[in-house]
Structures are given as structure tokens and as C-alpha cells.
Amino acid sequence: MSDCIFCKIDQGEIPAEKVFEDEGLFVIKDVNPQAPTHLLIIPKRHIPTLLELEEQDRSVMSRVHEVAGKLACDGGFDQSGFRVVVNCGAGAGQSVFHIHFHLLAGRAMQWPPG
Ligand code: AMP
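Everything numeric here is computed off the predicted structure, so don't read it as measured data. (Residues numbered from 1 in each chain as written. Predicted model: local features only at pLDDT ≥ 70, side-chain atom pairs only at ≥ 80, totals over all residues. Heavy atoms only, no water.)

**Description of the pattern of salt bridges**
- All told, the structure shown has eight salt bridges when counted by the stated rule.
- Among the ionic pairs, Lys-18 bridges to Glu-21, the shortest N-O distance being 3.5 Å.
- Of the charged contacts in the structure, one is a salt bridge between Glu-54 and Arg-45, with a shortest N-O distance of 3.9 Å.
- For Glu-54, a relative accessible area of 43% puts it in the partly exposed group.
- Through salt bridges that share partners, Lys-18, Glu-21 and Lys-44 make up one connected network. (Salt bridge = Lys/Arg side-chain N within 4 Å of Asp/Glu carboxyl O. Buried < 20%, exposed > 50% of the residue type's maximum accessible area, 1.4 Å probe, protein only.)

Shown next as C-alpha cells:
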């Protein structure tokens, strides 16, 4: 989508620190990190929110979680704990309307989240 910041990053039109990519998704460092490790796992297809997921997205949704685990092992925070978060809608704090999964690690996490 032409005015979507994550689509532009995927197309190389806006710079970002990509740490992983495959055919269906890419991973960047969050520009405003909320934890020592704060990555965004972003499916390439422009899906605005969790509510617009379709059957065709099943494999990438599974892959998101597989990649989260791989990044945790590679980053050495698999044992200390990490959090995967998706915000759905402005009321939940979503500010970029292209689905993405926050991967947070490196500090103690609070529950419930604010
Ligand atoms: P959310 O508020 O759940 O929609 O999360 C959007 C996230 O994208 C926020 O944590 C932002 O800091 C992050 N973000 C926005 N623009 C960029 C960018 N150009 N590069 C990396 N992260 C970004």
C-alpha cells in the first residue's frame, strides 16, 4: 500500500535495520524501543489489523511465531523470557495499521501490560 510505512520499509523506500527476512515476512529493530531488545515481526502482505486476517495468511501467522522463537534462541533470551505482542486497534495502542508483532526481551515484564 503506497502510504504505509511498513510497506515502504519492505520496498526499501524508507531505511530500517532489518535483522531477518524471508519470502513472507521481515523483522526490523523498533525505532523507539520499549525494552533492551525490541523487534517488529512484520508480514509482507498489507494486512491492516488482526481483524483482516484471511485464510491465505495462515502460514505466515504460524511463521511469525516460529521466527520469534528462532530470534529468541539466536539472541540468547530464550531462557530468560520474552514477550510477543500484537496491538489491534487504536484503543489498544496500534499506531501503524499494517499488522506487526512486537518481540520484547531483556528486562522483567509486568503483567497486566499497561
Ligand atoms: P504499534 O503502536 O503497535 O502500531 O507499533 C508500531 C511500532 O512501530 C512502534 O513501536 C514504533 O516505534 C514503530 N515504528 C514506527 N515507525 C518505525 C520505523 N520507521 N522504523 C522502526 N520502527 C518504527
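Continuing now.
**Some points on the layout of surface pockets**
- Size it by volume and the largest pocket reaches roughly 380 Å³.
- Along the wall of the largest pocket there are 22 residues; nearest its centre are Phe-6, Asp-30, Val-31, Asn-32 and Leu-40.
- Residue assignment for the lining of the largest pocket shows that the elements contributing at least two residues are helix H1 (5-10), strand E2 (25-29) and strand E3 (37-43).
- Reported here for the second largest pocket is a volume of approximately 300 Å³.
- The wall of the second largest pocket is formed by 13 residues, among which Arg-83, Val-85, Leu-104, Arg-107 and Pro-113 lie closest to the centre.
- Contributing elements (two or more residues each) for the lining of the second largest pocket: strand E4 (82-85) and strand E5 (101-105).
- Considering only residue class, the lining of the second largest pocket consists of five nonpolar, six polar and two charged. (1 Å grid on protein atoms, 1.4 Å probe; cavity = no way out; pocket = protein on both sides within 12 Å on 5 of 7 lines; lining within 4 Å. Points joined across faces, edges and corners; volume = space filled by probe spheres on them. Helix = DSSP H or I, 4+ residues; strand = E, 2+ residues; numbered from the N terminus. Nonpolar A, V, L, I, M, F, W, Y, C, P; charged D, E, K, R; others polar.)

**Things to note about the sheet that holds E5**
- Pairing within the open sheet is antiparallel, and its five strands lie in the order E1-E2-E3-E5-E4. Only two strands of the sheet have a single neighbouring strand rather than two, namely strand E1 (18-21) and E4. Averaged over all neighbouring strand pairs, the angle between strand axes comes to 20°, with direction disregarded.
- With three bridges connecting them, E1 and E2 associate as antiparallel partners. What sits directly across from Glu-21, in E2, is Phe-26. (Pairing = 2+ DSSP bridges. Axes fitted to C-alpha atoms, helices over the stretch in contact; angles between N-to-C directions.)

**Considerations on helix H2 (residues 58-75)**
- Taking 1.5 Å of rise per residue, the 18 residues of H2 would be expected to cover 26 Å, and the 26 Å separating its terminal C-alpha atoms lies within 8% of that figure.
- Within H2, the full set of buried residues consists of Val-60, Met-61, Val-64, Val-67, Ala-68, Leu-71 and Ala-72. Within H2, the buried residues cover an arc of 140° as seen down the axis, which keeps them to one side. Opposite its buried face, H2 presents the exposed residues Arg-58, Ser-59 and Asp-74, each directed more than 90 degrees away.
- Buried-residue contacts for H2 involve E1, E2, E3, E4 and E5.
- Gly-76, located one to two residues past H2, shows a positive phi value of around 75°. (Expected span 1.5 Å × (residues − 1). Arc of directions from axis to C-beta. Contact = heavy atoms within 4.5 Å.)

Everything listed is a geometric property; what it means functionally is a separate question.
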